[in-house]
Amino acid sequence: MDNIREFKVKNHYLVEIDNQGDLDYRQKVKTWSWDIYIAANDHQEYRGKALAPGKGIEIPWTELSKADLLEEMIEICERQMPKDPYQ
């Protein structure tokens, strides 16, 4: 069964990211909540997945390679958020 790779979810995080590109009617920065999952297999291979509930954004399982897996996933999440309209 060499065509099957099994990963176990090792961590589940709730990460809140302030988004300068998503302002409410008072021009206050909105905070996005992300559910981030990190999984690993026996060969030290890592995958990450993230969901932004209520925003309709899902980042599918993605291969991770940096030393700080959570930081790598946060960077991926930030790229999916609206950019600051004033930059």
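Description of the structure in this document. Computed from a prediction, not measured in an experiment: that's the story for all the values here. Every chain is numbered on its own, with residues counted from 1 as its sequence reads. The model is predicted, so local features are restricted to residues of pLDDT at least 70 and side-chain atom pairs to those at 80 or more, both for listing and for counting; the totals for chains, interfaces and linings are taken over all residues. Where side-chain values are given, they derive from all heavy atoms of the structure, hydrogens and water being excluded.

1. Some points on the nonpolar core
Formally: Residues enter a nonpolar core if they are buried and are Ala, Val, Leu, Ile, Met, Phe, Trp, Tyr or Cys, with the set joined through side-chain atoms within 4.5 Å. Buried residues are those whose accessible area, probed at 1.4 Å on protein chains only, stays under 20% of the maximum for their type, while exposed residues exceed 50% and partly exposed ones sit between those limits. Under the scheme used here, helices are H or I runs from DSSP no shorter than 4 residues and strands are E runs no shorter than 2 residues, and both carry numbers assigned from the N terminus.
Residues Ile 17, Trp 34, Ile 36, Ala 50, Met 73 and Cys 77 are the most contacted members of the largest nonpolar core, which totals 17 residues. Looking at this core, the elements that each hand over two or more residues are strand S1 (8–23), strand S2 (29–40), strand S3 (46–52), strand S4 (57–64) and helix H1 (69–80). Looking at this core element by element, the count peaks at five residues for H1.

2. Section: the pairing of S3
Stated precisely, the cut-off is as follows: If DSSP finds at least two bridges between two strands, the strands pair.
With six bridges joining them, S2 and S3 adopt antiparallel strand pairing. Counted as the bridge partner of Ala 40 is Tyr 46 from S3. Connecting S2 to the antiparallel partner S3 that follows it, the hairpin turn spans five residues, and Gln 44 within it adopts a positive phi of roughly 60 degrees. The pairing of S3 with S4 spans six bridges and is antiparallel. If you follow Arg 47 over to S4, its bridge partner there is Glu 63. Remark: four residues form the turn of the hairpin made by S3 and S4, two consecutive strands paired antiparallel; Gly 54 in that turn has positive phi of roughly 80 degrees.

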